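In case you want the letters, here they are:
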Amino acid sequence: MDRVSAFDEPLKKLLGGATAKVMAEHLDLHTVGDLLHHYPRRYEERGRLTALTELPLDEHVTVVAQVADARIMMFNNGRGKRLEVTLTDGSGRLQLVFFGHGVHKPHKELLPGRRAMFAGKVSVFNRKMQLAHPTYQLLDANDEDEATEAVDAFAGQLLPIYPACKQLDSWRIAKAVDTVLPSAREAVDPLPPALREGRGFVPLPEALLRIHRPHTKADVAAARDRLRWDEAFVLQVALARRRYADTQLPAVARRSVPGGLLDAFDAKLPFTLTEGQQKVTGEVFGDLATEHPMHRLLQGEVGSGKTLVALRAMLRVVDAGGQAAMLAPTEVLAQQHHRSITEMMGELAEGGMLGGSDLGTKVVLLTGSMGTAARRQALLDLVTGEAGIVIGTHALIEDKVQFHDLGLVVVDEQHRFGVEQRDALRSKGKQPPHLLVMTATPIPRTVAMTVFGDLETSVLDQLPSGRSPIATHVVPAKDKPHFLSRAWERVREEVESGHQAYVVCPRIGDDADEAGKKKGKKNAPEDDAEKRPPLAVLDIAEQLAKGPLAGLRVEVLHGRMPPDDKDDVMRRFAAGQVDALVATTVIEVGVNVPNATAMVIMDADRFGVSQLHQLRGRVGRGSAPGLCLLVSEAHEASPARARLSAVAATLDGFELSRIDLEQRREGDVLGQAQSGVRSSLRVLSVIDDEEVIAAAREEAVRVVADDPGLERLPELRTALDALLDKDREEYLDKG
């Protein structure tokens, strides 16, 4: 069997059809390699030998003793039977108990007078110490030394506990691993030898043997260190190769043009850029000046001024003869960006129009709901180059949309777009355009290095002056209903002092919404609050208008309204003609109404930590302080309430993103971004292993710079092929 095929061998050849079927269907294990990479979750220690008089309750023990007697007892009117075995070791006595089908083998083997080793967890039944269903090994060796050796080997053993499923116990998985473990010796080691020796790692075959069948805790630690590094390193090599390939693509360098549109825009800015904005702008402009495409992720807190950084990059590209496109996830956000950018630019956004500046350009909006005439004009402005900047939704991606010279693509809220959508827009340039991806969801450094590892990262963590603090409080609606009444009073007070409020609900409340909810009703309830349907915009708006907010101008906003109606509501809210806007999370990103100071989030426990932080960022955008009230019926001791308390305790989005990550664990984080990775992370933790990931990234960059095609490292190429199936390759290709 050659070195590669040993790991590719289907499990059904070695384990039999039934076991292999369960492994495939319930554990996603199909080959010998899959099973060898299915590592134990933890290890039970059988413990050193314990005298029967010194047994500690609730602990795993190993005892050597002689069977004094054994008898079958019937119960349940003869329908059930149990085997009771009494042991003695000269110092005391201990009872063992076996039930049901588990009585046959021990009944035959554990005869009075036989000596054996027993391991199990000590419990008390009828005031007597007992071991229920212990594992045991008979010790009938004539040779005393041989018996002692057997005792030592058995008692000191670490028992691997595997991630299992209802259909397949851990011990049956352990038996299957025993069958395939000899193949571990044929594992292809992906690490360059110099790297492995330099970092003192054990070879891969040894790491696999040690993690499955360790003799000591040191074995486990050495194996985990090695396997954790492999996972980080192979993934980082894939990303480093992606970044390297990008540096080989041609792009038009977009260098600064003194006295152009950007200088004219800067001259009319009523404030100076923050230090953070200047630093990040330097990084972006540095990338734009190179002859390969920029791939940069710009992450920054809500309101840190990302849009301004992106706009200045777009103006620089226009100065250099190119066009810039900004892709927004929703029509509301596209319209909002268009409004705020044209306001910031003033006459500079009216190039070629009466009253427009000679230096100016046209800024056009392109969305799916535009009228035919406006759409035709926008398309014409793009293809002729009349419009230097276009802001739009996925309507920008359609085949009909042609650019004169697309030089920069800005993607807002990157996680809302499929890879295909970004790629389709990038393919509209004559050469690959520069790419700037923005997100207001703070991403922990480790996630940035893995999920977004093919992008260089810039962070804006400084808020511009003039932003007000936001006070956040949890409102326990079930335990203290009067707190909710007070929340609505606070909203009235804000409105009476000339401000406005948002009320956010998890769902819309129309029929389509209901159907969708029933279809997807799979989540196990976290607590009682989850058992009823989430609160809905249409219901809450009606209740508020008739009850606690009667007399105020209450309006609704949600994703299924016609686009013109949505835009109309947002315009009137921005103009101060609506007091309270009851909305879904359609307002989560980019909506900017400085006069809105209060936000009440209903059923706040139904939202994730980062989403709550995003929503909260809609208030406190002006000079008046913001107030965010998180209404929840979740029980005080529940994980849901702990999440809300965490949000209330800090305004630091990076701290919250760490909390969010810890609560969701890696699976969700890597979710789509890791789509196509055949083996998700098994021993590497995106939460805890920041140093490992950072070091692996450095080594990967060095290896790829030295040998981009990995010609001299065929084993590493093999490991990459195992990690990356076709989908994942395409995912990385599209960036």
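Structure: see above.
A brief look at the structure comes next. Given the structure is predicted, the values throughout are model-derived calculations rather than measurements.

## A few points about the sheet that holds strand β14 (residues 434-439)
Reading across the sheet, the seven strands line up as β11-β12-β10-β13-β14-β9-β15 and stay open at both edges, with parallel pairing between neighbours. At either margin of the open sheet sits one strand with a lone partner, and together these are β11 (362-366) and β15 (456-460). Across the sheet, the axes of successive neighbouring strands diverge by a mean angle of 20°, strand direction being ignored. Sheet strands in contact with helix α12 (residues 275-288) are β9 (295-300), β13 (406-412), β14 and β15, and its direction is about 155° off that of β15. Relative to the sheet, helix α14 (residues 331-345) contacts β10 (323-327), β11, β12 (387-392) and β13, its axis offset from that of β11 by approximately 170°.

## What about the pattern of salt bridges?
Scanning the model with the defined rule gives 37 salt bridges in all. Between Lys-21 and Glu-25 there is a salt bridge, with its nearest N and O atoms 3.4 Å apart. With Lys-21 and Glu-25 both in helix α3 (residues 17-27) and four residues apart, this pair spans about one turn of that helix. Relative accessible area serves as the criterion here: at 51%, Lys-21 is assigned to the exposed category. The exposure class of Glu-25 is exposed, given its relative accessible area of 53%. Where Glu-291 meets Arg-255, a salt bridge forms, and the shortest distance between an N and an O atom there is 4.0 Å. One end of the pair, Glu-291, is in the loop between α12 and β9; the other, Arg-255, is in the loop between α10 (217-248) and α11 (261-268), and 36 residues separate them in sequence. Given the relative accessible area of 45%, Arg-255 is considered partly exposed. Taken together, the shared-partner salt bridges connect Arg-486, Glu-489, Arg-490, Glu-493 and Glu-494 into one network.

## Concerning the sheet that holds strand β18 (residues 554-557)
Strand pairing in a sheet takes place through backbone hydrogen bonds and is either antiparallel or parallel in direction. Read from one edge to the other, the open sheet built from six strands follows the order β16-β21-β20-β17-β19-β18, with strand pairing classed as parallel. Looking at strand neighbours, the two that pair on one side only are β16 (470-476) and β18, the edges of this open sheet. On average, adjacent strands in this sheet sit at an angle of 20° to one another, irrespective of strand direction. Inspection of the sheet shows β18 paired to strand β19 (residues 580-583) by four bridges, in the parallel sense. Within the sheet, the bridge partner assigned to Val-554 lies in β19 and is Ala-580.

## Examining the packing of aromatic side chains
Scanning the entire structure with this criterion turns up six aromatic pairs. Aromatic side chains Phe-201 and Trp-229 sit 5.6 Å apart centroid to centroid with 40° between the ring planes, which places their arrangement in the tilted category. Of this pair, Phe-201 sits in the loop between α8 (193-198) and α9 (204-212) while Trp-229 is found in helix α10, placing the two residues 28 residues apart along the sequence. Pairing Trp-229 with Phe-233 gives two aromatic rings, centres 6.3 Å apart and planes at 15°, and the pair type is stacked. One end of the pair, Trp-229, and the other, Phe-233, are both in helix α10, four residues apart, so they sit about a helical turn from each other. Trp-229 gets classed as buried once you look at its relative accessible area, which sits at 3%. Through a chain of ring-to-ring contacts, the aromatic side chains of Phe-98, Phe-118 and Tyr-136 assemble into a single cluster. Here Arg-316 stacks its cationic end above the ring of Phe-285, 4.5 Å away from the centre of that ring.

The rules behind the values
Residues numbered from 1 in each chain as written. Predicted model: local features only at pLDDT ≥ 70, side-chain atom pairs only at ≥ 80, totals over all residues. Heavy atoms only, no water. Pairing = 2+ DSSP bridges. Helix = DSSP H or I, 4+ residues; strand = E, 2+ residues; numbered from the N terminus. Axes fitted to C-alpha atoms, helices over the stretch in contact; angles between N-to-C directions. Contact = heavy atoms within 4.5 Å. Salt bridge = Lys/Arg side-chain N within 4 Å of Asp/Glu carboxyl O. Buried < 20%, exposed > 50% of the residue type's maximum accessible area, 1.4 Å probe, protein only. Phe/Tyr/Trp six-rings, centres within 6.5 Å; stacked < 30°, edge-to-face > 60°. Lys NZ or Arg CZ within 6 Å of the ring centre and 35° of its normal.

In short, shape yes, function no, at least from these values alone.
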